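# Fold and geometry: a report
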Amino acid sequence: MEEPDFFNEYIEFLDSYKWVGVKDLSEKFEISERTIFKWLKDRKIQGIKWISKHYKPQPQVNITLRIHPNLSKLNYKYTNSVNHELKGLDNLYIIEPESEISSYSLIDMADIIIVFGSTIGIEASYWGKVVINLSEAYYNPLGSVYVPKTKEELFSLLDSKLKPLENTGAKIYGNYF
C-alpha cells in the first residue's frame, strides 16, 4: 500500500513538540500499525538518502548509520530492507545492530549526530555534541537539539558552522527519566 497524500499532509502539519505514536496514527487513519511503521521507516530511509546525496560532492564527509542495537533481537526484515534500500551509497557506512561497536564511541568520533527521535540524541547533547533530530521526541522542546522543520532547513543547518546547543535540557531530561 502506497503512502497516501493525506498521510503526508498530516505529518507535515504536526506540531513538532507533540509526540505522535504509531498507534495514534493507526487509529486516526484506520490503517494497521504495521503499515504506519512501514511508512515511517520509508521516511527515515528517504532522509538518509537526502543527506547522503547532499554530501556526495564532499568525499571527506563520512556518514555512519548505526542501526539501533535492540533491532538485533527483532525480525531481520527491517534491517534487511534498510540495507537493501541504502546499499551502494558511496559515503554511507552501515553498522549492523549486532555489531560490537559502541554507539557512544561513535558519538565521541562524530562532528554532528543526526537522529530520528532516538534517546541517543539527547544523550549526545548532554555530552556537548551537535545534535539534529529529524523526528518527534519528548526532548525536542527542551532546546538541546536542533529540530529542522523542512529538508531545506536541514541542509541549511548541515552547511553552517553549528555549535552544540545548551545541554541544560538534556540534564533535565536525564534527571526526569
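Just so it is clear, the structure is predicted and the values come from calculations on it, not from any experiment.

The next point concerns the overall build of the protein chain. For the protein chain, the count of helices and strands is 8 helices and 4 strands. Within the protein chain, the proportion of its 177 residues that are buried is 40%. Here the contacts in the protein chain between residues at least 6 apart in sequence split such that 50% fall between residues at least 24 apart. Here the protein chain has roughly 11200 Å² of accessible surface; of this, 53% comes from carbon and sulfur atoms.

Glancing now at the nonpolar core. Grouped burial of nonpolar side chains is what soluble globular proteins tend to show. Counting residues in each nonpolar core, the largest one holds 19 residues, and the members touching the most others are Leu65, Leu86, Ile132 and Leu158. When residues of this core are traced back to their parent elements, those giving at least two are helix H3 (33–55), strand E1 (63–66), helix H4 (77–86), strand E4 (130–133) and helix H7 (151–159). Setting aside its immediate chain neighbours within four residues, Leu86 contacts Ile45, Ile48, Lys49, Leu65, Leu92 and Ile94.

All buried positions along H7 are accounted for by Leu154, Phe155, Leu157 and Leu158. Seen from one end, H7 has its buried residues packed into an arc of 155 degrees, which puts them on one side.

Here the focus is the pattern of salt bridges. If you walk through the whole model with that rule in mind, you get 2 salt bridges. In this structure, the salt-bridge partner of Glu85 is Lys49, at a minimum N-O distance of 3.2 Å. With Glu85 in helix H4 and Lys49 in helix H3, the pair connects residues that are 36 residues apart, well separated along the chain. Among the residues examined, Glu85 registers a relative accessible area of 37% and is labelled partly exposed.

Here we come to the confidence of the model for the protein chain. Scored by pLDDT, the protein chain comes out at a mean of 82, with 81% of its residues at no less than 70. Throughout residues 13–19 the model reports pLDDT below 50, and contacts reaching past four residues in sequence, or to other chains, amount to 13 contacts.

For the structure on display, the rule yields 2 aromatic pairs. Judged by centre distance (5.4 Å) and plane angle (45 degrees), the ring pair of Tyr104 and Trp127 falls under tilted. Pair noted here: Tyr104 is in helix H5 (residues 103–109) and Trp127 is in the loop between helix H6 (120–126) and E4, with a separation of 23 residues, a long-range link.

By the element assignment, Gly47 lies in helix H3. When the C-alpha atoms of Gly47 and Lys151 are compared, they prove to be 8.4 Å apart, with 104 residues separating the residues in sequence.

Turning to the pairing of strand E3 (residues 112–115), a few remarks are in order. Looking along a regular strand, one sees the side chains alternate between the two faces of the sheet. Only one face of E3 is covered, namely the face carrying Ile113 and Val115; the face carrying Ile112 and Ile114 is uncovered. The pairing of E3 with E4 spans 4 bridges and is parallel. By the bridge assignment for E4, Ile114 is matched with Ile132. Considered for its hand, the β-α-β crossover made up of E3, H6 and E4 is right-handed.

For Leu154, the location among the structural elements is in helix H7. Each C-alpha atom, one on Leu154 and one on Gly47, is 10.0 Å from the other, the two residues being 107 residues apart in sequence. Dropping the residues within four chain positions of it, Leu154 is found in contact with Ile51, Ile132, Leu134 and Pro148.

Parameters and conventions
- Residues numbered from 1 in each chain as written.
- Predicted model: local features only at pLDDT ≥ 70, side-chain atom pairs only at ≥ 80, totals over all residues.
- Heavy atoms only, no water.
- Helix = DSSP H or I, 4+ residues; strand = E, 2+ residues; numbered from the N terminus.
- Buried < 20%, exposed > 50% of the residue type's maximum accessible area, 1.4 Å probe, protein only.
- Contact = heavy atoms within 4.5 Å.
- Areas by Shrake-Rupley, 256 points an atom, 1.4 Å probe, with all protein chains shown as cover.
- Core = buried A, V, L, I, M, F, W, Y, C linked by side-chain atoms within 4.5 Å.
- Arc of directions from axis to C-beta.
- Salt bridge = Lys/Arg side-chain N within 4 Å of Asp/Glu carboxyl O.
- pLDDT = per-residue confidence, 0-100.
- Phe/Tyr/Trp six-rings, centres within 6.5 Å; stacked < 30°, edge-to-face > 60°.
- Pairing = 2+ DSSP bridges.
- Right-handed = clockwise from strand over helix to strand, strands pointing away.

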